[in-house]
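Chain residues, written in single-letter form:
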Amino acid sequence: MSEAGIPVAFIGLGTMGRPMAERLIAAGYRLAVYDRLPEAVDALVAVGAQAAPSARKAAVGAQVVITMLPDGPHVREALTGPEGALEEMPPGSTLIDMSTIDPPTSRELAGLAARHGVRMLDAPVSGSSAGAVDGTLTVMVGGDAGTLAELEPLLAVLGHTIVHCGDHGAGVSVKLANQIIAGASMVAVAESYALARSLGVDPRLLFDVVSASSGDCWALRTRPPVPGVVGTSPAENGFRPGFRGALMRKDLDLALATAAAHAVPLPVTSRARELYARMTEEGLGDQDFSAVFTLLTTAD
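Being a predicted model, the structure only gives us computed values, none of them experimental.

Engineer: Any chance you could explain the overall build of the chain here in plain terms?
Structural biologist: Along the backbone of the chain there are twelve helices and nine strands. Here the C-alpha atoms of the chain give a radius of gyration of 20 Å, agreeing with the 19 Å that 2.2 N^0.38 yields for 300 residues. Along the longest, intermediate and shortest principal axes, the C-alpha atoms of the chain span 65 × 45 × 35 Å. For the chain, buried positions account for 50% of its 300 residues. A separation threshold of at least 6 residues defines the contact pool for the chain, and within that pool the share at least 24 residues apart is 64%.

If you want it as structure tokens, here you go:
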């Protein structure tokens, strides 16, 4: 059987999971899929996946099980709950958790998988939904290097940059560090545009100058928070999410909790987290995290 022909279970078909699963199907992988939302499953069945009524049923016969879920409790339930996938996974199969969860939970789940004879990689991603569609994600992998080498062709369908970060939990550790920068820099970009608006500075001019100056960053280049600057920015489409504000708050919560356990102060992260929490409180949590801008100024 060719690498692309191996049976894969994909659990979690949200903003990121759905396009990732679609890419695997297009590459020739045989997917069984599960999500709590039937319409999410139906969309994948329409492009060639097999529907499963539970995570456990999805794992039947799968050599690889991929989870892409919002947080640690969801991953734990999908793997170890009454209909969890782990009980059904055969010895020698591999679990790839691509969710962003806390490192202790990731290491614990790797231990549980090992007791079932199952290998595990924690492999969270960065690149937003556009990267999931295009297959240009960065994949940060923790776990055995040999297991990663074996499954790198599969991961290469999903991402252009695949980095082995270390042992179990290292992938999610690097992802949380990344989220600190992504979340805080988005707040900084939003603040710069709020000030520029109040001073009458043209937003496109601001982009042109800053993108060629010391303030240049990914948040600026992909998410200037006003229309008319970058055509693919979420601001052009009512802040339709590439990455939801509620998820950024969750990731910064994880980063802060992890830092507290190691006595590392994160004052900027803490303030950024407060703003993303306000997004949820004000009903904006399902918008792209660049909509944090709307908390700082009243749109024209």
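Next comes the rest of the description.
Engineer: Looking at this structure, I do not really get the nonpolar core. What am I missing?
Structural biologist: General note: in soluble globular proteins, nonpolar side chains tend to be found buried as a group. Formed by 35 residues in total, the largest nonpolar core has its most connected members in Phe 10, Leu 31 and Met 98. Breaking this core down by element, the ones donating at least two residues are strand 1 (7-11), helix 1 (17-26), strand 2 (30-34), helix 2 (38-45), strand 4 (64-67), strand 8 (137-142) and helix 7 (145-158). Ranked by residues supplied to this core, first place goes to helix 7 with six residues. Core analysis: the next-biggest nonpolar cluster, separate from the first, contains 30 residues, Val 226, Val 230, Leu 284 and Ala 291 among them.

Engineer: Explanation requested: the pattern of salt bridges in the structure shown.
Structural biologist: It is possible for side chains of opposite charge to pair when their charged atoms get near one another. Evaluated as defined, the whole model comprises 13 salt bridges. Arg 76 is the partner of Glu 108 in a salt bridge, and the nearest nitrogen-oxygen pair spans 3.0 Å. With Glu 108 in helix 5 (residues 103-115) and Arg 76 in helix 4 (residues 72-80), this pair connects stretches of sequence that are 32 residues apart. For Arg 76, a relative accessible area of 29% corresponds to the partly exposed category. Between Arg 273 and Asp 253 there is a salt bridge whose closest N-O contact spans 2.6 Å. Residue Arg 273 is located in helix 12 (residues 267-281), and its partner Asp 253 is located in helix 11 (residues 245-261); the two are separated by 20 residues in the primary sequence. Given a relative accessible area of 26%, Arg 273 falls into the partly exposed group. Among the charged side chains, a network of salt bridges with common partners joins Arg 249, Asp 253 and Arg 273.

Engineer: Help me understand the pairing of strand 2 in this model?
Structural biologist: Each regular strand displays side chains that alternate between the two surfaces of the sheet. In this sheet, strand 2 lies alongside strand 1 in parallel orientation, the contact comprising five bridges. Counted as the bridge partner of Phe 10 is Val 33 from strand 2. Taken together, the two bridges between strand 2 and strand 3 (residues 50-51) define a ladder with parallel strand orientation. Bridging across to strand 3, Ala 32 finds its partner in Gln 50. Where the polypeptide runs from strand 2 across helix 2 and back to strand 3, its parallel neighbour, the crossover connection is right-handed.

Engineer: What is the right way to look at the environment of Leu 24 in this model?
Structural biologist: As for its placement among the helices and strands, Leu 24 is situated in helix 1. Using a relative accessible area of 0% as the deciding quantity, one classes Leu 24 as buried. Leu 24 sits 138 residues away from Ile 162 along the chain, and the two C-alpha atoms are 16 Å apart.

Engineer: Sorry, what's going on with the environment of Leu 44 here?
Structural biologist: Examined against the element boundaries, Leu 44 turns out to sit in helix 2. Sequence-distant contacts of Leu 44, defined by excluding residues within four places in its chain, comprise Leu 13, Arg 18, Ala 21, Glu 22, Ile 25, Val 33 and Ala 49.

Engineer: Just checking my understanding: could you explain the packing of aromatic side chains for this structure?
Structural biologist: Between two aromatic rings, the relevant description is the distance of the centres plus the angle of the planes. For the structure shown, the criterion picks out two aromatic pairs. Ring geometry for Phe 243 and Phe 289: centres 5.9 Å apart, planes at 85°, overall edge-to-face. Residue Phe 243 is found in the loop between helix 10 (218-222) and helix 11, and its partner Phe 289 is found in the segment after helix 12; the two are separated by 46 residues along the sequence. Looking at Phe 243, the relative accessible area reads 16%, which means it is buried. Here Tyr 276 and Phe 289 contribute two aromatic rings whose centre-to-centre distance is 6.2 Å and whose plane-to-plane angle is 50°, an arrangement assigned as tilted. On the criterion of sequence distance, the pair formed by Tyr 276 in helix 12 and Phe 289 in the segment after helix 12 is long-range, its members being 13 residues apart. Taken individually, Tyr 276 and Phe 289 each receive the classification buried, so the pair is uniform in this respect.

Engineer: I would appreciate a short explanation of helix 12 in the present structure.
Structural biologist: Because each turn of an α-helix spans 3.6 residues, side chains separated by three or four positions in sequence point in the same direction. Given a rise of 1.5 Å per residue, 15 residues ought to cover 21 Å, and the 21 Å separating the end C-alpha atoms of helix 12 matches this to within 8%. Buried within helix 12 we find Thr 269, Ala 272, Leu 275, Tyr 276, Ala 277 and Met 279. Where the residues of helix 12 are buried, they touch helix 8 (170-198) and helix 11. Remark: Gly 283 follows helix 12 within two positions and exhibits a positive phi of approximately 80°.

Engineer: Help me out: how do you make sense of the layout of surface pockets in this one?
Structural biologist: Empty space among the atoms becomes apparent when a probe as large as a water molecule is rolled across them. What the largest pocket holds in volume is close to 1100 Å³. Lining the largest pocket are 49 residues; nearest its centre among them are Met 16, Met 68, Leu 69, Pro 70 and Leu 247. Only helix 4, strand 7 (125-126), helix 8, helix 10 and helix 11 provide two or more residues apiece to the lining of the largest pocket. Per element, the largest residue contribution to the lining of the largest pocket is six residues, and it comes from helix 8.

The rules behind each value
Residues numbered from 1 in each chain as written. Predicted model: local features only at pLDDT ≥ 70, side-chain atom pairs only at ≥ 80, totals over all residues. Heavy atoms only, no water. Helix = DSSP H or I, 4+ residues; strand = E, 2+ residues; numbered from the N terminus. Rg over C-alpha atoms; globule rule 2.2 N^0.38 Å. Buried < 20%, exposed > 50% of the residue type's maximum accessible area, 1.4 Å probe, protein only. Contact = heavy atoms within 4.5 Å. Core = buried A, V, L, I, M, F, W, Y, C linked by side-chain atoms within 4.5 Å. Salt bridge = Lys/Arg side-chain N within 4 Å of Asp/Glu carboxyl O. Pairing = 2+ DSSP bridges. Right-handed = clockwise from strand over helix to strand, strands pointing away. Phe/Tyr/Trp six-rings, centres within 6.5 Å; stacked < 30°, edge-to-face > 60°. Expected span 1.5 Å × (residues − 1). 1 Å grid on protein atoms, 1.4 Å probe; cavity = no way out; pocket = protein on both sides within 12 Å on 5 of 7 lines; lining within 4 Å. Points joined across faces, edges and corners; volume = space filled by probe spheres on them.

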